[in-house]
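Chains, contacts and geometry: an overview
One-letter residues, chain by chain:
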Amino acid sequence: MRKKHIPQRTCVECRKVLSKRELIRIVRTPEGDVRVDETGKVSGRGVYLCRARKCWTGALAKGRIGYALKIQLSPEQETTLREYAANLPEEAEGA
């Protein structure tokens, strides 16, 4: 029996390679909206981050999310992402 393929993605901040389900996707939709994609299925350009607040705050501070999404994040979009990150644990589980 063949082993099931598990998609791998890289956190844009800490560069850890994890399974797609272990990371959180942020997507820039074709309309230019930036939002957190819990399902991983929203169409658009995506970027992945660990489930750790430190990765989110670091990526936002260094502009890595906007760079990876090829967009300049608006102050409102940045605030939305910071509010989402505030509910995450400081360190990812198992880190």
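In what follows, the accompanying structure is described. (Residues numbered from 1 in each chain as written. Predicted model: local features only at pLDDT ≥ 70, side-chain atom pairs only at ≥ 80, totals over all residues. Heavy atoms only, no water.)

**Remarks on helix H1 (residues 53-62)**
Among all positions in H1, only Cys-55, Trp-56, Gly-58, Ala-59 and Leu-60 are buried. Taken together, the buried residues of H1 touch strand E3 (24-28), strand E4 (34-37), strand E5 (45-49), helix H2 (64-69) and helix H3 (75-86). The first or second residue beyond H1 is Gly-63, which carries a positive phi of 75°. (Buried < 20%, exposed > 50% of the residue type's maximum accessible area, 1.4 Å probe, protein only. Helix = DSSP H or I, 4+ residues; strand = E, 2+ residues; numbered from the N terminus. Contact = heavy atoms within 4.5 Å.)

**Structural notes on the nonpolar core**
Counting 21 residues, the largest nonpolar core has Ile-26, Leu-49, Trp-56, Ile-65 and Leu-81 as its most contacted members. If you list the elements that add at least two residues to this core, you get E3, E5, H1, H2 and H3. Here this core takes four residues from H1, the largest share from any one element. Once you skip the residues sitting within four places of it in the chain, Ile-26 turns out to touch Val-34, Arg-35, Val-36, Arg-45, Gly-46, Val-47, Leu-49, Trp-56, Ile-65, Leu-69 and Leu-81. (Core = buried A, V, L, I, M, F, W, Y, C linked by side-chain atoms within 4.5 Å.)

**A closer look at the layout of surface pockets**
One number sums up the size of the largest pocket: a volume of about 340 Å³. Lining of the largest pocket is provided by 15 residues; of these, Lys-20, Arg-21, Glu-38, Thr-39 and Gly-40 occupy positions nearest its centre. The class makeup of the residues in the lining of the largest pocket is five nonpolar, three polar and seven charged. (1 Å grid on protein atoms, 1.4 Å probe; cavity = no way out; pocket = protein on both sides within 12 Å on 5 of 7 lines; lining within 4 Å. Points joined across faces, edges and corners; volume = space filled by probe spheres on them. Nonpolar A, V, L, I, M, F, W, Y, C, P; charged D, E, K, R; others polar.)

**Overview of the state of the cysteines**
If you walk through the whole model with that rule in mind, you get zero disulfides. Lacking any disulfide linkage, Cys-11 is separated from the closest cysteine sulfur, that of Cys-50, by 3.6 Å. According to the relative accessible area criterion, Cys-11 is buried, its value standing at 0%. Cys-50 takes part in no disulfide bond, and the closest cysteine sulfur to it belongs to Cys-14, at a distance of 3.5 Å. The class for Cys-50 is buried, based on a relative accessible area of 4%. (Disulfide = S-S within 2.5 Å.)

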